[in-house]
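Spelled out, the chains give:
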Amino acid sequence: MLKNLNSKHIQRFSYKYLPQFPISPNSPKLGFSRSQIANYRSNFPTTIMSSSKTIVLRSSDGETFEVDEAVAVESQTIKHMIEDGCADTSIPLPNVTSKILSKVIEYCKKHVETPNADEKVAEEDLKSFDADFVKVDQSTLFDLILAANYLNIKSLLDLTCQTVADMIKGKTPEEIRKTFNIKNDFTPEEEEEVRRENAWAFE
Amino acid sequence: MGANSSLLSPDSSDGSTHPSKLTLGEIPESCVALVLSYLDPPEICKLARLNRAFRAASSADFIWDDKLPLNYQHLVDDYLITNPRKLGKYEIYSRLTRPVRFDDGNKEFWLDKRTGGVCMSISCKALNITGIDDRRYWNFIQTNESRFHTIAYLQQIWWFEVEGDVGFKFPSGTYSVLFKLRLGRFTKRSNRRVSNYEGVHGWDIKPVQFQLSTTDGQQVVSKCYLENKGVWEYHHVGDFVVDDSFVPTKVKFSLTQIDCTHTKGGLSVDSVVICPTSLVKDFKALL
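None of the values given here were measured: they were computed from a predicted structure. Throughout, a residue's number is its position along its own chain's written sequence, starting from 1. Following the order in which they are written, the chains are lettered starting with A and the ligands numbered starting with 1. pLDDT decides what is reported in this predicted model: residues at 70 or higher carry local features, side-chain atom pairs at 80 or more are listed and counted, and totals for whole chains, interfaces and linings draw on all residues regardless. Side-chain descriptors were evaluated using all non-hydrogen atoms of the structure, hydrogens and water having been removed beforehand.

**Brief notes about the overall build of chain A**
And step 1. Helices and strands together make up the secondary structure of chain A, namely 11 helices and three strands.
And step 2. Starting at the N terminus and walking to the C terminus, you meet the elements of chain A as α-α-α-β-β-α-α-β-α-α-α-α-α-α.
And step 3. Per-residue accessibility, obtained with a 1.4 Å probe over protein chains only, is compared with the maximum for each type, and a residue is labelled buried under 20%, exposed over 50%, and partly exposed between these values. When the 203 residues of chain A are sorted by exposure, 38% land in the buried category.
And step 4. Contacts spanning at least 24 positions in sequence make up 56% of the contacts within chain A whose residues lie at least 6 apart.
And step 5. For chain A, the exposed surface amounts to about 11800 Å²; the carbon and sulfur share of it is 52%. Secondary structure elements are taken from DSSP: a helix is a run of H or I of four residues or more, a strand is a run of E of two residues or more, and numbering for both begins at the N terminus. Whether two residues touch is decided by their heavy atoms; if any such pair falls within 4.5 Å, the residues are in contact. The protein chains shown are the only cover counted for residues, whose accessible areas, like all others here, come from Shrake-Rupley with a 1.4 Å probe.

See the structure below:
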């Protein structure tokens, strides 16, 4: 890897990481010796490795996904982990399976990459992407809600929760029980209690 | 919202570790609560009847915290007589949707169930009515038609002036002031309610003037002819905007017809309503 390191990498690296990582007293210019680089690497291994600014995410079932940092920080949870310096080699996400993580990454990528230049067209494009994105089976949808919640991605959470809310809005409890196969586990006394508790909403 | 709810219950992480076939009935409570927060209060309460998990989820604090007005704590402290036990957000919301009386019981406010907007009704007894003490001009009539069970009925007068004011910490937004009026009255003849338009006169000669002003300089003046005998109507005076939820807004409103060349009478005055502008049509629909 050191063989491939050239002045371009070093210049870009020092410019972009200047505020965060202390740079060696030597100014960034052509002609770092190999020993200097090796010395640097041993102190800041991650900074050189992540000079192309990607983050590695690891799902609960052990799969790794390399994503651009800009995409990864759509998740506030991941963003805080990076800021707190926990993003050394890879970020483990024990609460998210690879299947769901890949979908989440797809969502974040699309939302980061959509250009703001042509506002109207981009907006329409994003809307139809979102609409198709949630056309999944119920179980995946709920997994996405849990993942969006854990990873703290507000736009994804809004999208998925609104989708489920729209599915149950306007239906009576009996209809919902039938459609979603939900068991009524109330005792008659409990049911009466709930009715009384919530009567204020229907007076 | 996301950061708060992931701390809600330890089982929020369980759903994803098993590659489970989750259905609506099996998702953890915190997840249900998240979904419920995207619905309005009557829907949430309806869904509380689904099963135990939904019932528990529907009373999650963060849902109702979002639906309560910004200054709800001030409203609770100033106007609700609560026991020392601290009320949960759900309880506060449900309590505030029931009218809360203040100012000697002549004014009341409540939260609109669906939107959480603050609405207020000011009884005619809280208004300054010129000549109210003279039974030749004005009478108070007990009736169930009014929230306060009293309306003021004008027999006849030259100088017609009804005005009032209220100081209240309205949550920020745009509000409308409405006068609830009716030309004519009902009398009981052998146990039946009969409409009585005999006394109605003078309203077609000159228009009445509605006025509204706030201490921060907003002002609205409008004129209209009162028509339509026999039905209660909400007359829209105007709108005012509240910027700061934590500072009391003082609103003054009045209804006058002081052209003394003619008398007018036969008018029933019920109350003045202040509500969010978006709810005006809901009020009118209730008449």
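This is not the end of the story, as more comes after the structure.
**So, the environment of B:Thr115**
Residue and element names in this part refer to chain B.
And step 1. Relative to the elements of secondary structure, Thr 115 occurs in the loop between strand 2 (107-111) and strand 3 (118-123).
And step 2. Linking Thr 115 and Cys 45, residues 70 residues apart in sequence, is a C-alpha distance of 14 Å.
And step 3. Polar contacts here mean pairs of N or O atoms no more than 3.5 Å apart (in protein, one a potential hydrogen donor and the other a potential acceptor; neighbouring residues in sequence count only if both atoms are side-chain atoms). Of the polar contacts made by the side chain of Thr 115, one reaches the side chain of Asp 112; its length is 2.7 Å.
And step 4. A polar side-chain atom of Thr 115 sits 3.3 Å from the main-chain amide nitrogen of Gly 117.

**What about the sheet that holds strand 12 (residues 219-224) of chain B?**
Residue and element names in this part refer to chain B.
And step 1. In spatial order, the strands read 4-7-14-11-12; together these five strands make up an open sheet with antiparallel pairing. Edge positions in the sheet fall to strand 4 (128-129) and strand 12, since each of these pairs with one other strand and no more.
And step 2. Where strand 11 (residues 208-214) lies against strand 12, six bridges are found, and the strand directions are antiparallel. Among the inter-strand pairings, Gln 211 is bridged to a residue of strand 12, identified as Val 221. Here, a strand pair is defined by DSSP locating no fewer than two bridges between the strands.

**Section: the sheet that holds strand 1 (residues 54-58) of chain A**
Backbone-to-backbone hydrogen bonds join strands into a sheet, with any given pair of strands oriented parallel or antiparallel.
And step 1. Strands sit in the order 2-1-3 (chain A) across an open sheet of three strands; the sheet is mixed. The sheet terminates laterally at strand 2 (64-68) and strand 3 (91-92) of chain A, the two strands that pair on one side only.

**Considering the interface of chain B and chain A**
And step 1. Listed by partner, the interface residues are 41 residues for chain B and 43 residues for chain A.
And step 2. For the chain B face of the interface with chain A, the top three residues by lost area are B:Tyr38, B:Arg49 and B:Arg55, together amounting to 19%.
And step 3. Any Lys or Arg side-chain nitrogen located within 4 Å of an Asp or Glu carboxyl oxygen qualifies as a salt bridge. For the pair chain B and chain A, the interface holds three salt bridges.
And step 4. One salt bridge connects B:Arg52 with A:Glu190, and the closest N-O pair in it is separated by 3.1 Å.
And step 5. Counting across the interface, chain B meets chain A through 13 residue pairs in polar contact (both at pLDDT 80 or more).
And step 6. Elements supplying a minimum of two residues to the side of chain B that touches chain A: helix 1 (2-5), helix 2 (14-17), helix 3 (29-36), helix 4 (41-47), helix 5 (52-58) and helix 8 (89-96) of chain B.
And step 7. The element that contributes the greatest number of residues to the side of chain B that touches chain A is helix 4 of chain B, accounting for six residues.
And step 8. Looking at side-chain class alone, the side of chain B that touches chain A contains 20 nonpolar, 14 polar and seven charged residues. Defined here as a combined quantity, buried area equals the accessible surface (1.4 Å probe) lost by two parts on assembly, summed across both. Only Asp, Glu, Lys and Arg are considered charged in this grouping, and only Ala, Val, Leu, Ile, Met, Phe, Trp, Tyr, Cys and Pro are considered nonpolar; every other residue, Gly among them, is considered polar.

**Observations concerning unusual backbone geometry**
And step 1. Not every positive phi belongs to a glycine, and A:Asn181 is a case in point at roughly 55°.
And step 2. Of note, A:Asn181 is situated in the loop between helix 10 (173-180) and helix 11 (188-197).
And step 3. Owing to a relative accessible area of 69%, A:Asn181 belongs among the exposed residues under this scheme.
And step 4. In this model, B:Asp103 sits at a positive phi of 55°, which is unusual for a non-glycine residue.
And step 5. In this structure, B:Asp103 sits in the loop between strand 1 (100-102) and strand 2.

**A closer look at a nonpolar patch on the surface**
Residues and elements named next belong to chain B.
And step 1. On the surface, Trp 158, Trp 159 and Ile 258 cluster together into a nonpolar patch covering about 300 Å² of accessible area.
And step 2. Note on placement: Ile 258 falls in the loop between strand 14 (249-257) and strand 15 (267-276).
And step 3. According to the relative accessible area criterion, Ile 258 is partly exposed, its value standing at 39%. Patches here: salt-bridge-free residues with over 30% relative accessible area, like charges joined within 9 Å, nonpolar side chains (Val, Leu, Ile, Met, Phe, Trp, Tyr) joined within 5 Å.

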